[in-house]
Amino acid sequence: MMVAPSELTVVDAAAAIRAGRLSATALLESCLDRIERCEEQIQAWVLIDRSGALETARRLDAEARQGRYRGPLHGVPVGVKDIIHAAGLKTTSGARGFADAVPGEDAPCVARLRAAGAVILGKLQTTEFAFSDPAVTRNPWHPAQTPGGSSAGSAAAVAARMVPAALGSQTVGSVLRPAAFCGVVGVKPTYGWVSRRGVVPLAWSLDHVGVFARSVADAALVVSVLASHDPADPASTTLSTPEIAAVAATPSERAPRLGLIGEPFLHRATPEARAHLDDVARMLAARGARVEPVRLPALMGAMYSAVITVSRAEVGAIHADSYRRHADAYRPRIRAGIELGQCIPADVYLRAQRIRRQARRDLAPLLDRYDALVMPSAPGPAPDRGTTGDAVFNGPWTGLGVPTVSLPSGLSADGLPFGAQLIGAPLGEARLLAAARWVEAAVGFTAAPPP
Amino acid sequence: MQDRDAMRALLTTEATRRFGADRAAMLARDIDALAADLTEVAAADVPEETEPAFFLRTEHGR
């Protein structure tokens, strides 16, 4: 039976377009058909730019017929979380109208996708301002469960085969957690590796742009396109960024050295999630990986609290003016977050920032020693839709600014995905993603949500 | 170093000053949760010479 183009990975779709076996228009129409069938139930999209995307796809097809290809994503549709600006498409930030804006230009991350040949298909649901009030989106694996947040639509759309890749963002756990809950790959690169300009901020010193896809190779390819120094983003790194396109092109043959994390995290995981991690670790070791338990520096025990402190204080500051005008328009959780963020004493905020710096120094030898540290991406599978789930397993790594990957590692007894989280050294994307490719192949997860 | 009760009281006082007593009462559960995090931060052992992280771009090495 022929596979629908919407089922293709980014790498396979891009290769098929380049080889002339598939047109960008046919791929886009297949994604639109899939959206037509699934969107009423899943509600992943805020806006679908059908006409703009079709026009772009036809233009890209014309260029391909002349042998011209813009880049490695030529003709590949990509969705964009609705806190990220795409020229001419309304950004709502998941809010109830009071923050709507129609940007005149793309965020640099979107501009880089377009320059690489991607077709921007539309804007994806987010929790309000990427905080924790649940979005309307449902988990494609089970409609009663959350897809996670804040990048709810990005994870759900990729899982449901509506689009092969999507941009999201992570301030605490907003890429890794929804990726795990929806059974797809999520990558959060090193802090400062992808420009945050044109992305509605939640917390300046924690905001990262990330990627959702259905394979590590796909995510690596998209992340490689996004990386560049942006002098207009004060967090953008001036240090040389790793070349990871090769990771997308070549499977990793070398079995990685993996550090298995226990406490101070695993006591928060469900028994089933802990048993699943043990099974995965045993299987990886049996396949040749060197898997060793690691002890984290003591300060890591305070990192999640440090990240909550910083994120609350910064969201309180970022929204201070808007709050004075629209306090009643905010949803309950972000409203409380803004209010209490404004109550945090300066000395505690600064201490939290000092914890982040010191923990990063303390952890550096461990990150050098291993290709990746490994732990669950979340304490358990997706909970119900009254919450976006717990980011306690992701926040500490976001606070360190190190790159992280979530890849699907199996299903719970209830048929919901588990995610394995891999953590690398700052700017160690190439090494981390190579290890993730090896783990992905060893795990061999092939399940998909119900059609 | 402050304990959780002291941190809760500090947050409640500030929330009352900024948003009124009724709103501060509505925030009681959130205040309690945040007080736990702030207490954890206040109690963490950080060397005196460690400066705040803010933006990390200059020290992707160490």
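Residues numbered from 1 in each chain as written. Chains lettered and ligands numbered in written order. Predicted model: local features only at pLDDT ≥ 70, side-chain atom pairs only at ≥ 80, totals over all residues.

**Some points on the overall build of chain B**
A count of helical and extended segments in chain B gives three helices and zero strands. For chain B, the proportion of its 62 residues judged to be buried stands at 31%. (Helix = DSSP H or I, 4+ residues; strand = E, 2+ residues; numbered from the N terminus. Buried ≥ 20, exposed ≤ 12 C-beta atoms within 10 Å, placed from the backbone.)

**So, the overall build of chain A**
Within chain A, the secondary structure is distributed over 15 helices and 11 strands. Over its C-alpha trace chain A gives a radius of gyration of 20 Å, about what one expects of a compact globule, namely 22 Å for 451 residues. Dimensions along the principal axes, computed over C-alpha positions, put chain A at roughly 60 × 60 × 45 Å. When contacts within chain A are restricted to residue pairs at least 6 apart in sequence, those whose partners lie at least 24 apart make up 78%. (Rg over C-alpha atoms; globule rule 2.2 N^0.38 Å. Contact = placed C-beta atoms within 7 Å.)

**Description of the packing of helix α10 (residues 303-318) of chain A against helix α13 (residues 346-369) of chain A**
All names here are of chain A. Relative orientation of the contacting elements α10 and α13 amounts to 130 degrees, with a least axis distance of 9 Å. Classified by the interaxial angle, the pair formed by α10 and α13 is oblique. Handedness of the α10/α13 crossing: left-handed. Residues Met303, Ala306, Thr309, Val310 and Ala313 of α10 lie in contact with α13, whose contacting residues are Val348, Tyr349, Ala352, Gln353, Ile355, Arg356 and Ala359. (Axes fitted to C-alpha atoms, helices over the stretch in contact; angles between N-to-C directions. Parallel < 35°, antiparallel > 145°, perpendicular 65-115°, else oblique. Left-handed = near helix turned anticlockwise from the far one by under 90°.)

**Some words on the packing of α10(A) against helix α3 (residues 28-43) of chain B**
For the pair α10(A) and α3(B), interaxial distance at closest approach is 8 Å and the crossing angle is 115 degrees. Between α10(A) and α3(B) lies a crossing of left-handed hand. Between α10(A) and α3(B), the residues in contact are A:Ser305, A:Ala306, A:Ile308, A:Thr309 and A:Arg312 and B:Leu34, B:Asp37, B:Leu38, B:Glu40 and B:Val41, respectively. Looking at side-chain class alone, the contact of α10(A) with α3(B) contains five nonpolar, two polar and three charged residues. (Nonpolar A, V, L, I, M, F, W, Y, C, P; charged D, E, K, R; others polar.)

**Some thoughts on the domain arrangement of chain A**
Residue and element names in this part refer to chain A. With domains assigned, chain A is organised as domain 1 (5-298 + 357-443) and domain 2 (299-356). Here the C-alpha centroids of domain 1 and domain 2 sit 25 Å apart. Contact with domain 1, which involves 31 residues of that partner, is made by 23 residues of domain 2. For the side of domain 1 that touches domain 2, the secondary structure elements donating two or more residues are α13 and α14 (395-400). Residue composition of the side of domain 1 that touches domain 2, by class: 18 nonpolar, seven polar and six charged. (Domains from an automatic or database assignment.)

**Here we look at the sheet that holds strand β3 (residues 119-124) of chain A**
All names here are of chain A. Taking strand neighbours across the sheet as the criterion, the 11 strands line up as β1-β3-β2-β4-β6-β5-β10-β11-β9-β7-β8 in an open arrangement whose pairing is mixed. Strands at the two margins of the open sheet, each flanked by one partner only, are β1 (45-48) and β8 (290-294). Averaged over all pairs of adjacent strands, the angle between strand axes in this sheet comes to 30 degrees, irrespective of strand direction. Relative to strand β6 (residues 208-213), strand β5 (residues 185-188) runs antiparallel, the two being bridged by three bridges. By the bridge assignment, Gly186 is partnered in β6 with Phe212. (Pairing = 2+ DSSP bridges.)

**Points about the nonpolar core**
All names here are of chain A. In this structure, Val78, Val119 and Ala165 are the most contacted members of the largest nonpolar core, which totals 167 residues. Top contributing element to this core by residue count: helix α7 (residues 216-226), with nine residues. The residues contacting Val78, other than those within four sequence positions of it, are Leu113, Ala118, Val119, Ile120, Leu121, Val163, Ala165, Ala166 and Leu167. (Core = buried A, V, L, I, M, F, W, Y, C linked by C-beta atoms within 7 Å.)

**With respect to the interface of chain A and chain B**
Counting from both sides, the interface comprises 39 residues of chain A and, opposite them, 28 residues of chain B. Breaking the side of chain A that touches chain B down by element, the ones donating at least two residues are α10, α12 (332-341) and α13 of chain A. Counting residues per element, the side of chain A that touches chain B draws most heavily on α13(A), at 12 residues. In terms of residue class, the side of chain A that touches chain B is made up of 20 nonpolar, 12 polar and seven charged.

**A few points about helix α9 (residues 271-286) of chain A**
Residue and element names in this part refer to chain A. Taking 1.5 Å of rise per residue, 16 residues should cover 22 Å, and α9 covers 23 Å from first to last C-alpha, within 8% of that figure. Residues of α9 that are buried sit in contact with β7 (257-261), β8, β9 (372-376), β10 (404-411), β11 (417-423) and α15 (429-443). Residue Gly288 follows α9 closely and has a positive phi angle near 120 degrees. (Expected span 1.5 Å × (residues − 1).)

**Things to note about the pairing of β3(A)**
Along β3(A), six of the six residues are buried, which leaves the element largely enclosed by surrounding structure. For the handedness criterion, the β-α-β arrangement of strand β2 (residues 77-81) of chain A, helix α4 (residues 108-115) of chain A and β3(A) is classed as right-handed. (Right-handed = clockwise from strand over helix to strand, strands pointing away.)

**Re α3(B)**
The first and last C-alpha atoms of α3(B) sit 22 Å apart over 16 residues, in line with the 22 Å expected at 1.5 Å per residue. Of all the positions in α3(B), only B:Ile31, B:Leu34, B:Ala35, B:Asp37, B:Leu38, B:Thr39, B:Glu40, B:Val41 and B:Ala42 are classed as buried.

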